[in-house]
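# Geometric and topological summary
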Amino acid sequence: MWKDYSISYIKNNRTASISVMAAAFIATLFLSLLCTSFFNAWTYEIERIQLEEGDWQGRITGNIDEEDLEMIQNFANVEKAVINETLSDDKTVVDIYFIDARTIYHDMPLITAKLGLQENAAQYHSLLLSRYFIHDPRDKEPPMLLGFFVVILLIVSVSLILVIHNSFEISMNARIFQFGILSSVGATPKQIRTCLLQEASALCAVPILAGCLLGIGLSYLVIDSVNIFAANVSG
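### What about the side chain of Q57?
Mapping Q57 onto the fold places it in the loop between α2 (14–53) and β1 (58–62). Taking relative accessible area as the criterion, Q57 reaches 17% and is therefore assigned buried. At a separation of 2.6 Å, a polar atom in the side chain of Q57 contacts the main-chain amide nitrogen of F98. Beyond its immediate stretch of four places on either side in the chain, Q57 contacts I96, Y97, F98, A101, I104, Q123, Y124, H125 and L129.

This is how it looks when you write it as structure tokens:
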């Protein structure tokens, strides 16, 4: 019964149905393009930092022998420790990679203390860590630019989602009187809600899927175009 009712309403109200589908498609297209572009820009920035400065997370410089290196590697949160170089004063530079880098500012002082080194023997790859939203808790002014962009992204994303929500809500508000009649003849709120969900799925499933795929495709074209343009730009 409810399936027939939903299909009948969609067929007899093509203008309202098309407007809901168009809103879902356009909002999803821009949402997909925005999120994909942001993700690609974020991963590109991380790649750039790793290529220019290395992918190490923490670094310790001091008189470190094989036993000390093994101790670092056996530390609970350390994924691996690699010798980067040996300096002229017999000091060794060790690059450290963590399983959970979010605890690096807590773990590095513990490692240097175990090695019998001063805390300033530890160095942090602050720029790379900041791209993963990991900041020194003692830093009173951490870099907030990436966080600002994420907040803007979330605000725009929520706005686009509300476009889809509001377009369908307008259609529902126009049918309040009709739903009141259905309630008076025995329809439960659960049945009416199920009916609305069926309509939303029928109207929005294809436009949302198409919008996602087209947004990803447009993002690929934008990145490809930028790469072609930047190929002849020095630096």
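### So, the packing of aromatic side chains
Counting across every chain of the model gives four aromatic pairs. Consider the rings of F148 and F149, whose centres lie 6.1 Å apart with planes at 50 degrees: the pair is tilted. A relative accessible area of 48% means that F148 is categorised as partly exposed. One aromatic cluster is present, formed by F39, W42 and Y132 through successive ring pairs. In this structure, R59 packs its charged tip against the face of W56, placed 4.0 Å from the ring centre. Taking the ring centre of Y97 as reference, the NZ or CZ of K80 above it sits at 4.7 Å.

### Concerning the nonpolar core
By size, the foremost hydrophobic cluster in this structure holds 20 residues, and its most contacted members are I96, I104, M108 and I111. Of all the secondary structure elements, the ones that give two or more residues to this core are α3 (66–73), β2 (78–86), β3 (92–98), α4 (104–114) and β4 (122–124). Residue contributions to this core peak at four residues, all from α4. The contacts of M108, once residues within four sequence positions are left out, are G58, R59, I60, I96, F98, A122, Q123 and Y124. Counting residues in each nonpolar core, the second largest holds 13 residues, with F168, M172, A187 and L196 among its members.

Conventions adopted
- Residues numbered from 1 in each chain as written.
- Predicted model: local features only at pLDDT ≥ 70, side-chain atom pairs only at ≥ 80, totals over all residues.
- Heavy atoms only, no water.
- Helix = DSSP H or I, 4+ residues; strand = E, 2+ residues; numbered from the N terminus.
- Buried < 20%, exposed > 50% of the residue type's maximum accessible area, 1.4 Å probe, protein only.
- Polar contact = N/O pair within 3.5 Å; in protein donor to acceptor, adjacent residues only side chain to side chain.
- Contact = heavy atoms within 4.5 Å.
- Phe/Tyr/Trp six-rings, centres within 6.5 Å; stacked < 30°, edge-to-face > 60°.
- Lys NZ or Arg CZ within 6 Å of the ring centre and 35° of its normal.
- Core = buried A, V, L, I, M, F, W, Y, C linked by side-chain atoms within 4.5 Å.

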